[in-house]
Amino acid sequence: MAVLNILNYPDPRLHTVAKPVKEVDANIRRLIDDMAETMYAAPGIGLAATQVNQHIQLLIIDTSETKDALQVFINPTIIEKNGERAFEEGCLSVPGVYESVTRAETVTVEALDRNGEKFTLHAEGLLSVCIQHEMDHLLGKVFVEYLSPLKRSRIKNKMLKLSRQK
Ligand code: GNR
Ligand code: NI
């Protein structure tokens with residue numbers, strides 16, 4: 001297993017639209033394992049393949065306190081959304097920035113698991129927020145794009161300044 005490099009906003013590669021996974025094979029499972037190690041090391045509660053520069057429809061989530069409940073979503077689709085709710089979000093690709101984003105309150109998702117088996121999941125609370133945040137990454141969208149142009153440009157400048165310091 002390996003800890004992978006996470007792309008930082010405003011890296012243009014974060015705006016790549018991910019392609020469906022054709023076959024859930026050993027290569028995909030190796031990427032899942034590396035992404036899990038990367039997410040736990042960060043630490044974060046979710047990670048989309050886009051963030052590690054792999055532009056396929058794959059995301060992982062672990063919202064458990066004990067960090068032992070990895071959930072894998074391959075080729076996810078939201079089949080139902082209900083309600084609205086604001087939540088303070090952060091992103092491993094925008095370190096140190098936390099802003100409120102309004103999304104659906106609950107979602108029902110269909111996806112494949114790490115064995116290529118189809119499942120359906122109804123999510124609410126943090127899991128619902130996280131699924132929507134990660135699915136946005138697969139569409140090339142970062143959560144700061146929900147903020148006002150002024151906030152977004154301040155965040156962009158802060159991130160560029162930080163990356164120059166490294
Ligand atoms: O670790 C993460 N925490 C988080 C908190 C509130 C809303 C969304 C998230 S996802 C984020 C990890 C990440 O950037 N995933 O793309
Ligand atoms: Ni993110």
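Q: It is not clear to me how the sheet that holds strand S3 (residues 71-82) should be interpreted in this structure. Could you clarify?
A: In any sheet, the strands associate via hydrogen bonds between backbone groups, in a parallel or an antiparallel arrangement. The strand order across the open sheet built from 5 strands is S1-S2-S3-S6-S7, with neighbouring strands paired in antiparallel fashion. Bordering the open sheet on either side are strand S1 (46-48) and strand S7 (118-123), each of which pairs with just one other strand. When the angles between neighbouring strand axes are averaged without regard to direction, this sheet yields 35 degrees. Strand contacts of helix H1 (residues 26-41): S1, strand S2 (58-61) and S3, with the helix running at about 40 degrees to S2, the strand carrying the most contacts. Across the sheet, helix H2 (residues 125-138) touches S1, S2, S3, strand S6 (106-112) and S7, and the angle it forms with S2 is around 155 degrees.

Q: I keep staring at the nonpolar core and nothing clicks. Help me out?
A: Counting 16 residues, the largest nonpolar core has Ile32, Met35, Leu47, Leu58, Ile60 and Ile74 as its most contacted members. Mapped by element, the contributors of at least two residues to this core are H1, S2 and S3. For Ile32, the contacting residues outside a window of four places in its chain are Leu58, Ile60, Leu70, Val72, Ile74 and Arg114. Judged by nonpolar contacts, the second largest core, of 15 residues, contains Ala18, Ala123, Cys130 and Met135.

Q: Can you walk me through the coordination of the nickel ion (ligand 2) in this structure?
A: Tetrahedral coordination by four donors sets the ideal angle at the metal to 109.5 degrees; octahedral coordination by six donors sets it to 90 or 180 degrees. Those protein atoms acting as donors to the nickel ion (ligand 2) are Cys91 (SG), His133 (NE2) and His137 (NE2), and they sit at 2.1 to 2.3 Å. Each donor residue of the nickel ion (ligand 2) belongs to the same chain, and together they define the spacing C-x41-H-x3-H. Residue Cys91 is found in the loop between strand S4 (85-89) and strand S5 (99-103), and its partner His137 is found in helix H2; the two are separated by 46 residues along the sequence.

Q: I would appreciate a short explanation of the environment of Leu47 in the present structure.
A: Positionally, Leu47 belongs in strand S1. According to the relative accessible area criterion, Leu47 is buried, its value standing at 0%. Taking the C-alpha atoms as reference points, Leu47 and Glu134, 87 residues apart in sequence, are found 6.6 Å from one another. The residues touching Leu47, leaving out its near neighbours within four places in the chain, are Ile6, Met35, Thr38, Met39, Val52, Leu59, Ile60, Leu92 and Glu134.

Conventions adopted
- Residues numbered from 1 in each chain as written.
- Chains lettered and ligands numbered in written order.
- Predicted model: local features only at pLDDT ≥ 70, side-chain atom pairs only at ≥ 80, totals over all residues.
- Heavy atoms only, no water.
- Pairing = 2+ DSSP bridges.
- Helix = DSSP H or I, 4+ residues; strand = E, 2+ residues; numbered from the N terminus.
- Axes fitted to C-alpha atoms, helices over the stretch in contact; angles between N-to-C directions.
- Contact = heavy atoms within 4.5 Å.
- Core = buried A, V, L, I, M, F, W, Y, C linked by side-chain atoms within 4.5 Å.
- Buried < 20%, exposed > 50% of the residue type's maximum accessible area, 1.4 Å probe, protein only.
- Donors = N, O, S within 2.8 Å, 3.2 Å for Na, K, Ca; no water.

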